[in-house]
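Residue-level structure breakdown
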Amino acid sequence: MIRELKILICDDSLIIRRTLKDMLNEIGCKKIYEAVNGVDAIEKYKEIDPDLVFMDIIMPEKSGVEALIEIKKYDENANVVVVSSALTQKYVKAAISAGASEFIQKPVSSYQVQKIIDRL
Amino acid sequence: MFTQFFGNYLLENSYISIDQLLKGLNFQSEVKLKLGVLAINEGYMTSAQVDKVHHMQKRVDKRFGTLAVDMGYMEDIEVNKLLKSQKQGYLVLGQALVDLGYISMQKFEKALDNYKKEYKIDFTDFTKLQNEKMLQIVEDFYKFDSFDNAIIYTKYVSLLFRNIIRFIGDDFTPLRARKIDEISASNTAVQYISGKYDIYTGIEGKESVMIELARRVDQYFSGDFDEVVEASVSEFLNLCNGLFCVNLSNVNRVELDIEPQEFLKKVTFSDMQDAFFVPVKFTFGVVNFLIVGNIPTIIE
């Protein structure tokens, strides 16, 4: 079951993409896809139809919140977890309004990622 | 964090040389009795449990004792007992400098006494000092008080040092900041924060220093200067700035915006207002933190 989950990681930092990918691989997730900004995330979402998205907020081209709004318009059941170093009240409120399902404050821990996957 | 500022005090008052201070900071790990070691020694935890807590600490922003309780390895009362027996950071540095023969214990105690008097620290235990006192020490050290955003710079630098200790290490001493109008930089991660306060931030250093910084941020990294180094240093800046904005949002109800981080090579920053170069001397070299009150003109 976990092996078959399609997960999209969207973050402009290759370090965060790699860290999350390593954590997910360790849990047993094998179908992992990456996007480098909000525009890329929307395109990849439509192409892959993932079960879960890990979305950064502050990114070039298009922010995570803007991408989340568009993804939700395309698929109202999209499951998007916001992962950011800046979970300020303003950004959290914006992400909740946009339809984020959960939040992770960076630095990301494998414990937090495991909990998210367990709840799927 | 007091340890690092106290280290600078020892340096500036000629108690020790910069080399001796760096060797002392490096030697601290040999002297330090970590809570995990104390827990094993007392029979509260096994080494495997200590390893699990250390592993978790890299991911979760909690102290060793708190996590050990959360994970069911110790009771609060046991953690408190261990904390009481744990040496304080500045004493560990003192012990390291004495063990290395750089200073006598008597001279060290005198220096500590003078430092406490100068900075009006009237506590016997530095760890009990509140954030406010730490802000005061940072403010007195850097003297950002000549312009409007001084308090924000002080808060920024205070949090920055906490994050350096948490993510990079405690083997450093802060050096005096330089006010600048223009600066040429070889490798710089930059990020702009805006809103009620505008702060353009950066981390600058030589390639060799950036590589070591990246290795500290990303323990799996080993290699030459490449995009992984740039990404690691940039992400560290992004993390520090994010946590700074979260702190201002939660504590002061101030909401700021953050632009995506960038890495710039061989550029000159000019037309800067309220700009400071804040050097930090690590055992592996000098890392310069850049704090500017506006977006500078960048010439490639």
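Report follows, based on the coordinates. Residue positions are given per chain, counting from 1 as you read along its sequence in written order. Each chain is given a letter, starting from A, and each ligand a number, starting from 1, according to the order in which they appear as written. Selection of residues for local features in this predicted model requires a pLDDT of at least 70, selection of side-chain atom pairs for listing and counting requires 80 or more, and totals for whole chains, interfaces and linings are taken over all residues.

What to know about the packing of helix H11 (residues 207-217) of chain B against helix H12 (residues 227-252) of chain B
Packed helices, taken two at a time, are described by the angle between their axes plus the distance between the axes. Residue and element names in this part refer to chain B. Where we set the bar: Lines fitted to C-alpha atoms define the axes, with helix axes restricted to the stretch in contact, and inter-axis angles between N-to-C directions lie between 0 and 180 degrees. A helix here means a DSSP run of H or I that spans at least four residues, while a strand means a run of E at least two residues long, and both kinds are numbered starting from the N terminus. Note that the term roughly parallel is reserved for angles under 35 degrees, roughly antiparallel for angles over 145, roughly perpendicular for angles of 65 to 115, and oblique for everything else. When the near helix sits turned anticlockwise from the far one by under a right angle, the crossing is termed left-handed; a clockwise turn instead gives a right-handed crossing. Distance between backbone-placed C-beta atoms decides contact: two residues are in contact if it is within 7 Å. Throughout this entry, Asp, Glu, Lys and Arg are counted as charged residues, while Ala, Val, Leu, Ile, Met, Phe, Trp, Tyr, Cys and Pro are counted as nonpolar. The remaining residues, Gly among them, count as polar.
Look at H11 against H12: their axes get within 9 Å of each other, and the N-to-C directions meet at 65 degrees. On the basis of the axis angle, H11 is roughly perpendicular to H12. Every pair of crossing elements has a handedness; the one defined by H11 and H12 is left-handed. Touching Met210, Ile211, Leu213, Ala214 and Val217 of H11 are Val228, Val229, Ser232, Val233, Glu235 and Phe236, all from H12. Residue composition of the contact of H11 with H12, grouped by class: nine nonpolar, one polar and one charged.

Thoughts on the interface of chain B and chain A
Facing 19 residues of chain B, the contacting portion of chain A comprises 21 residues. Looking at the side of chain B that touches chain A, its residues break down into nine nonpolar, five polar and five charged.

Focus on the sheet that holds strand E5 (residues 102-105) of chain A
Residue and element names in this part refer to chain A. In plain terms, the rule: For two strands to pair, DSSP has to find at least two bridges joining them.
Read across the sheet, five strands follow the order E2-E1-E3-E4-E5 without closing on themselves; strand pairing throughout is parallel. Two strands bound the open sheet, and with one partner strand each, they are strand E2 (31-35) and E5. On average, each strand axis in the sheet is tilted by 20 degrees relative to the strand beside it, whichever way the strands run. As paired strands, strand E1 (residues 6-10) and strand E3 (residues 52-55) are joined by four bridges and run parallel to one another. Along E3, the bridge assignment pairs Leu8 with Val53.

As for helix H4 (residues 89-98) of chain A
Residues and elements named next belong to chain A. To keep things clear, this is the line we draw: Exposed residues have 12 or fewer other C-beta atoms within 10 Å of their own C-beta, buried residues have 20 or more, and residues in between are partly exposed; the C-beta atoms are placed from the backbone. In this context, the arc is that of the directions from the helix axis out to the C-beta atoms.
Along H4, the residues that are buried comprise Tyr91, Ala95 and Ala98. Taken around the axis of H4, the buried residues stretch over an arc of 60 degrees, which confines them to a single face. Facing away from the buried side of H4 by more than 90 degrees, the exposed set consists of Gln89, Lys93 and Ser97. Here the buried face of H4 lies against helix H3 (64-74) and strand E4 (80-84). Backbone geometry just after H4 places Gly99 at a positive phi near 110 degrees.

Geometric descriptors of this kind do not, in isolation, establish any biological role.
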